[in-house]
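Here is how the chains run, residue by residue.
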Amino acid sequence: MDLSQQEWAERLATDSNPVILDVRTEDEWNDGYIPGALHIDIYKGQGFVYEVDQLDKDRPYYVYCKAGGRSAQACAIMGQLGFTTTYNLVGGFSQWGGEVVKP
């Protein structure tokens, strides 16, 4: 499900067991990320599918990339793998106004 920046942040703040998933590249991750995010680069291809498939499919996943395209693709892949709830951050990290961690 696509969510606006505000909707994504509001749902995340009230969710009791969320997983934040960053699907950007290593270089993008090193520019900063949303606190608590798990990093799995979607460009790993089959490696991405393998790593994601190991995750708990019943938890809600808040997925983001730089602009929203790759995270939408990741949400679609996750749905095919049996994940029940995924939220795509429309506009991605480039429009994120919340807290950021700099590695």
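So, here's what we can say about the structure. (Residues numbered from 1 in each chain as written. Predicted model: local features only at pLDDT ≥ 70, side-chain atom pairs only at ≥ 80, totals over all residues. Heavy atoms only, no water.)

### Some remarks on the nonpolar core
Membership of the largest hydrophobic core comes to 15 residues, with the highest contact counts inside it found for Val 23, Phe 48, Val 63 and Met 78. Looking at this core element by element, the count peaks at four residues for helix H4 (residues 69-80). The contact partners of Val 63, leaving out residues within four places of it in the chain, are Trp 8, Leu 21, Val 23, Ser 71, Ala 74, Cys 75, Met 78, Tyr 87, Asn 88 and Leu 89. Listed in part, the 14 residues of the second largest apolar core include Ile 34, Ala 37, Leu 89 and Trp 96. (Core = buried A, V, L, I, M, F, W, Y, C linked by side-chain atoms within 4.5 Å. Buried < 20%, exposed > 50% of the residue type's maximum accessible area, 1.4 Å probe, protein only. Helix = DSSP H or I, 4+ residues; strand = E, 2+ residues; numbered from the N terminus. Contact = heavy atoms within 4.5 Å.)

### Side note on the sheet that holds strand E1 (residues 2-3)
One open sheet holds the five strands; their spatial order is E1-E5-E4-E2-E3, and the pairing between them is parallel. A strand with exactly one partner marks an edge of an open sheet, and here the two such strands are E1 and strand E3 (38-39). Of the pairings in the sheet, the one linking E1 to strand E5 (residues 85-89) comprises two bridges and is parallel in character. Pairing of Asp 2 across the sheet is with Asn 88, part of E5. The strands touched by H4 within the sheet are strand E2 (19-22), strand E4 (60-64) and E5, with E5 carrying the most contacts at an inclination of about 170°. (Pairing = 2+ DSSP bridges. Axes fitted to C-alpha atoms, helices over the stretch in contact; angles between N-to-C directions.)

### Notes on the side chain of Asp 22
Assignment of secondary structure puts Asp 22 in strand E2. Within the structure, Asp 22 has its side chain in polar contact with the side chain of Arg 24 (distance 2.7 Å). Excluding residues that lie within four positions of it along the chain, Asp 22 makes contacts with Trp 29, Tyr 33, Ala 37, Leu 38, His 39, Ile 40 and Tyr 64. (Polar contact = N/O pair within 3.5 Å; in protein donor to acceptor, adjacent residues only side chain to side chain.)

### What about the pairing of E4?
Across the five residues of E4, five count as buried, placing the element largely inside the fold. Of the pairings in the sheet, the one linking E2 to E4 comprises four bridges and is parallel in character. Residue pairing for E4: Leu 21 is matched across the bridge by Val 63. Relative to E5, E4 is paired through four bridges, and the arrangement is parallel. Note on E5: the bridge partner recorded for Tyr 62 is Tyr 87.

### A look at the environment of Trp 29
Position of Trp 29 among the secondary structure elements: in helix H2 (residues 26-30). Classification of Trp 29 as buried rests on a relative accessible area of 13%. Each C-alpha atom of the pair Trp 29 and His 39 lies 7.7 Å from the other, and the pair is 10 residues apart in sequence.

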